[in-house]
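Architecture at a glance
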Amino acid sequence: MAVAGLALAACEDTGVMAGRPADAAGAPAAAAGSAAPGARIVLAGSPFGRIVWGPGRRAVYAFERDGRNRSRCYGECARLWPPVLTRGRPVAGPGLRRSLIGTTRRRDGRRQVTYAGRPLYFYAHEGPGQVLCHNVDLNGGFWWVVDARGRRRP
């Protein structure tokens, strides 16, 4: 619990809050040919430029310690940084490359959304439209929001 408090304090100190991402308001859309709807990933504005957002207008992050299509965030890390999960094929919104969106299997078998091979996560203490933890060193590495190419934002 003390780790969670420190992580929250570290991210809240950034004081950065984005407005509502204009094109992230929709509910998850069904992918063509998929029985289950997949998580909808969109590109929208933030104080860091246009970044990738997940369902519920929540900013998504990449973890520097992850390998290509391989998560290293489990346990306490995953409680603070929940993975962006999907049941169906994830959907790339306007401005994102469909060829860069995919999934990787987590240890428990669930499918985590990836973009440009990077597993994606939410920050547990953020609400819709917020970006509180960009470029912070927590849980053993840096966390970054990413752009349309899947690269970390400055």
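To start, this report covers the structure provided alongside it. Values in this document were obtained by computation on a predicted structure and should not be read as measured data.

What follows concerns the sheet that holds strand S4 (residues 61-63). The strand order across the open sheet built from three strands is S4-S11-S10, with neighbouring strands paired in antiparallel fashion. The open sheet has two edge strands with one neighbour each: S4 and strand S10 (136-138). Averaged over all pairs of adjacent strands, the angle between their axes in this sheet comes to 35°, without regard to strand direction. For S4 and strand S11 (residues 141-145), the ladder comprises three bridges, and the chain directions are antiparallel.

We now examine the sheet that holds strand S6 (residues 91-92). If you trace the four strands from one edge of the open sheet to the other, you get S3-S2-S1-S6, paired in mixed fashion. Of all strands in the sheet, those with a lone pairing partner are strand S3 (58-59) and S6, marking the two edges. Note that strand S2 (residues 51-54) and S3 share two bridges and pair antiparallel. The residue of S3 that forms the bridge with Gly54 is Arg58.

Another aspect to go through is the pairing of S11. Along S11, four of the five residues are buried, which leaves the element largely enclosed by surrounding structure. Where S10 hands over to S11, the hairpin turn is made up of two residues, of which Asn139 adopts a positive phi near 55°.

On to the state of the cysteines. Throughout the structure, instances matching the rule amount to one disulfide. In this model, Cys73 is linked to Cys77 through a disulfide, with the two sulfur atoms separated by 2.1 Å. Here the disulfide of Cys73 and Cys77 is left-handed, its torsion about the S-S bond being about -110°. The class of Cys73 is buried, set by a relative accessible area of 0%. We classify Cys77 as buried; its relative accessible area is 8%.

Let us now look at the nonpolar core. If you look at the biggest cluster of nonpolar residues, it comprises 23 residues, and the most contacted ones within it are Tyr61, Cys73, Trp81, Val131, Cys133 and Trp143. Within the residue set of this core, elements represented by two or more residues are strand S1 (40-44), S2, S4, helix H2 (76-80), S10 and S11. Filtering out sequence-adjacent residues up to four positions away, Cys73 remains in contact with Phe63, Asp66, Ala78, Trp81, Arg106, Tyr121 and Trp143. Counting residues in hydrophobic clusters, the runner-up holds 15 residues, among them Val52, Ala62, Val84 and Tyr115.

What follows is about the packing of aromatic side chains. Enumeration according to the criterion identifies six aromatic pairs in this entry. Residues Tyr61 and Trp81 carry aromatic rings whose centres are separated by 5.3 Å and whose planes lie at 75° to one another, so their mutual orientation is edge-to-face. Placement of Tyr61 in strand S4 and of Trp81 in the loop between H2 and strand S5 (85-86) is noted, with a sequence separation of 20 residues between them. The residues Tyr61 and Trp81 share a single accessibility class, namely buried. With a centroid separation of 6.3 Å and an interplanar angle of 5°, the aromatic rings of Phe142 and Trp144 are classed as stacked. Classification of Trp144 as buried rests on a relative accessible area of 10%. Each residue in the set Tyr61, Phe63, Trp81, Tyr121, Tyr123 and Trp143 is aromatic and connected to the rest through ring pairs, giving one cluster. Taking NZ or CZ as reference, Arg106 lies 4.2 Å from the ring centre of Tyr74, over its face.

Calculation rules
Residues numbered from 1 in each chain as written. Predicted model: local features only at pLDDT ≥ 70, side-chain atom pairs only at ≥ 80, totals over all residues. Heavy atoms only, no water. Pairing = 2+ DSSP bridges. Helix = DSSP H or I, 4+ residues; strand = E, 2+ residues; numbered from the N terminus. Axes fitted to C-alpha atoms, helices over the stretch in contact; angles between N-to-C directions. Buried < 20%, exposed > 50% of the residue type's maximum accessible area, 1.4 Å probe, protein only. Disulfide = S-S within 2.5 Å. Core = buried A, V, L, I, M, F, W, Y, C linked by side-chain atoms within 4.5 Å. Contact = heavy atoms within 4.5 Å. Phe/Tyr/Trp six-rings, centres within 6.5 Å; stacked < 30°, edge-to-face > 60°. Lys NZ or Arg CZ within 6 Å of the ring centre and 35° of its normal.

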